[in-house]
Amino acid sequence: MPAVQVRGEVLSVKQTGAYLAMTLVASGIAEQTRPGQFVALAVSGDDGSMLLRRAFSIHQVASRGVYGGTIEFIFSVSGKGTAWLAGRHPHDPVDVVGPLGRPFALPKDPANCVLVGGGYGAAPLFMLADALRKRGCRVDFVLGAANADRLFGALDAKRMAATVAFTTDDGSYGEEGRVSDVLPGVIDRVRADVVYACGPMAMLEAVYAVSAEAYGGAGIPTQVAVEESMACGIGVCMTCVLPVIGDDGQTRMVRSCVEGPVFAGDRIRWDALGTVPADTVGAIAAGATTAAR
Amino acid sequence: MPDVVLRTTGADSPDVEVDMSTTLGSLDVPDPVFTASGCAAAGLELAPFNDLTAIGGVVTKSIQLAARSGRPTPRMAETPSGMLNSIGLQGPGIDVFLDRDRPWLEEQGVRAVVSIAGGSVDEFAKLAGKLRGQPVALIEVNISCPNVEDRGQVFACDPNAAAAVIQAVRRTAPSQVPVFAKLSPDVTDIVSIARACVGAGADGLSLINTTLGMVIDPETMRPTLAGVTGGLSGPAIRPLALRCVWQVHAALPDTPLMGIGGIRSGTDALEFILAGASAVQVGTVIFNDPSAPTRISHELRAALAARGIARLRDVIGLAHRPPQLRVPETPDPPGDEPVIPDTAVVDRSGHVVTFEDAP
C-alpha cells in the first residue's frame, strides 16, 4: 500500500521527559506502518507561512480501539514548526502523509539484536523491538543521551529487552560517556548478530564504526535510520540526499526519504556526509561551473 | 477580448459546467494545471496522491545529457511563505530518463512536458533531438542555466543567448511538439527576453523560474545553503510572478503562457489566468500538499463556476480589459444626476475615481 495523505486529528500532546509525544488519529497510516517508517506533517495550517513538511519517526501505532488508527511520534521544540505542533490541542486538525520510507529489515531467522538509540531518536526502536521479539529474536538496548532527562524510553526498554545499557554525557544516569563507548562490550556479551541504530548522525557514524570492528574486525551488519532535513518526505524535493554506495559499488546522492531513512551502515559514505564525493555518479569536477536551479 | 458577462464574485452557482480545456501552441489539454519542473520528479512519486491523467500534465525535473549529482547539503531553507533551494539539477541524464521514466509516464497516460537543461547551445540542441520519436506533449527549455561557454552567464539573462538556445532547440526538436522557454525573473526587462525567445521560434513561454535569494544562519553566521544562494519559490514570489505574466501578456498577447510562481489555491491560479496565462504550473505547494495539483484544479473549476464562467479560455487575460464604467448599485441621491467624466471609474462603493488619462 502506498502512503496516504489524511487529515489527522490531535488526540493528545503530552510531556515525556524532556520531549513531547503527540498522538494523532490518522486512519490508513497506523494500519500499514512498519518499524522505522515516518510521517510528514504540514505545519502552520492550510494558509500558513511554513510550507515545508516536518518529518517524524513513528514511535507507536494502534490500529484498533475507540479512535481507530492512531500514530504517536516524539518531538522537541526546536523551531517555529515544532512550536506550532506543540501548541496544538486535542481535536485540532493536522495534515499527515505516511507511512513513508523504507522500514528496518528484520532477520529471517531468530538473531541477537542490539538496538542503539540516542535521545528521542530512539523512538522507532520500540516498534522494532516488538517485531523482533515476535520473530523470536533476542533484543538488547543501548540508550544514550546528554543527560538523564533526555533519555527516551528507559522504562519501555527495560520491559522489552533482555538487558539495557544506559549512557549519559554527564553521567547523570547509567555510565558516563557515549553509546559507542559501551557498545563493543554489549556486542561481545550478548553475541550480537545485528545492530540497529537511530539517533543523530554523529552517533550513527560512531555506532557503525564500532559494529564494523566487532569480533576482531569481522564486523556485524548494522542498520541505521538517518536524520536528514526534508521538505516533502515523498521523494520529489531532492533536499534530503546523502552519499550512498549502491549495489553496483557506485556512490550516488540518494534521497533518504524514499531510499531510506534506513540504510545498511556499510553503504553510507560517512566520511563524506554533507559533501558530494568526487567519485559520485555525475559529480561536477572541482572548479567547474556549478549547475543552475 | 472575449465578451464575458461577469457575475458577482461569490455567487452560488457551483452547478455551472466549466470547460477547463486550454491550448498551448499545438497542444490541446483538458485541464490547465500542470506540475512545475523540479517539484514532481518525473511524476511517479505523486501518483499515490493525484490522478495525473486528469490534470494538464507533469513537467519533469530538468533533464540533462549526462547524470549529475547536484550540490552538497544543506540544499534547502524555509523562508516566510516560501523556500530556497539549491539542488544543482540532480538527475540521471536523458538516457536513463528515456529508459526508465518516460515509459512509465506513457503507460499511465500522463501528458509529459519534458524540461531540458544544458550548459551550451549544442547541449540543448542534442537534448531536444533525443526527444524525436518520443511521446512528448511539450518541451520546456530551462534556460536558467549557466552558459559554460560564456563565463557561466545565465542564458535566461541575455536575450541573444536565450534566442540562440531556443532557435537550436526548435530546429532539432520534434516539429509537432511545442517548445516553451522558461524565463527567469532575475532580469531588467523580462519582456525583451520574452520577445527574443518568441522571435527565435518559441511556441510559448513559462513564467517564471525561481528568483535568486539567500539566508544566513544567525548561529553559524554563515550562509545556510551549501550553495550560498538558492532559488526562492512559493507564495512569497507570487506577486512577482503575476507581474511578469501580466507584462509579457500585454506585450505578446498571442503567445501562450504557462503561469508559475507560488500558486497555492484555485483562486491563485485564476489570478494567473486573468493576467494572461493559458495554463498554470504548481510547484513548491506540492511539498506542502502532495495532492495540490488535483486540489487546485478542482478549486479553479469551482472558482470559475462561482463566477458563472463556462469556459476557462474566456477569461485568459481578462484582467487586461480596460476599466469599465459601472453604474452604482445604490440608488442615486435625489437631485442632480452625478456627472461622471469619460475617464472616470466608479468603484464598488460608488466612489468616482477620476484619472487624468484613461489607463
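Model, not experiment: these values are computed from the prediction.

Here is what the cut-offs are and how they apply
Residues take numbers from 1 onward in each chain, read along the sequence in its written order. For naming, the first written chain is A and the first written ligand is 1, with later ones following in the order written. Since the coordinates come from a predicted model, pLDDT governs what is reported: local features require at least 70, and pairs of side-chain atoms require 80 or more to be given and counted, while whole-chain, interface and lining totals use all residues. Side-chain numbers come from the whole structure's heavy atoms, not from hydrogens or water. Counting from the N terminus, the helices are the DSSP runs of H or I reaching at least four residues and the strands are the DSSP runs of E reaching at least two. Relative accessibility decides the category of a residue: with a 1.4 Å probe and only protein chains considered, values under 20% of the type maximum give buried, values over 50% give exposed, and everything between is partly exposed. Whenever a nitrogen or oxygen atom comes within 3.5 Å of another N or O atom, the pair is scored as a polar contact, on the condition that within protein one atom can donate a hydrogen and the other can accept it, and that pairs from neighbouring residues in sequence are kept only if both atoms are in side chains. In what follows, residue pairs with any heavy atoms lying within 4.5 Å of each other are defined as contacts. Buried area: the accessible area, evaluated with a 1.4 Å probe, that two parts lose upon being put together, summed over both parts. A carboxyl oxygen of Asp or Glu within 4 Å of a side-chain nitrogen of Lys or Arg is what we treat as a salt bridge. Side-chain classes are defined by residue name, with Ala, Val, Leu, Ile, Met, Phe, Trp, Tyr, Cys and Pro counting as nonpolar, Asp, Glu, Lys and Arg as charged, and the others, Gly among them, as polar.

## Some points on the side chain of Ser211 of chain A
Residues and elements named next belong to chain A. Position of Ser211 relative to the elements: it lies in helix α5 (residues 201-212). Its relative accessible area of 0% is what places Ser211 among the buried residues. Of the polar contacts made by the side chain of Ser211, one reaches the side chain of Thr222; its length is 3.4 Å.

## Description of the environment of Glu175 of chain A
All names here are of chain A. If you trace the backbone, Glu175 turns up in strand β11 (residues 175-176). Looking at Glu175, the relative accessible area reads 51%, which means it is exposed. Sequence separation between Glu175 and Asp188 is 13 residues; the distance between their C-alpha atoms is 18 Å. Setting aside residues up to four positions removed in sequence, Glu175 forms contacts with Phe166, Thr167, Thr168 and Val182.

## Some points on the interface of chain B and chain A
Listed by partner, the interface residues are 50 residues for chain B and 42 residues for chain A. Summed over both sides, the interface of chain B with chain A buries roughly 3,700 Å², with 58% coming from carbon and sulfur. Counting across the chain B and chain A interface gives 2 salt bridges. For the interface between chain B and chain A, the tally reads 14 residue pairs in polar contact (both at pLDDT 80 or more). Put simply, the parts of the chain that give the side of chain B that touches chain A at least two residues each are β5 (76-79), β6 (82-85), β13 (211-214) and α7 (285-288) of chain B. Residues belonging to the side of chain B that touches chain A are distributed by class as follows: 21 nonpolar, 20 polar and 9 charged.

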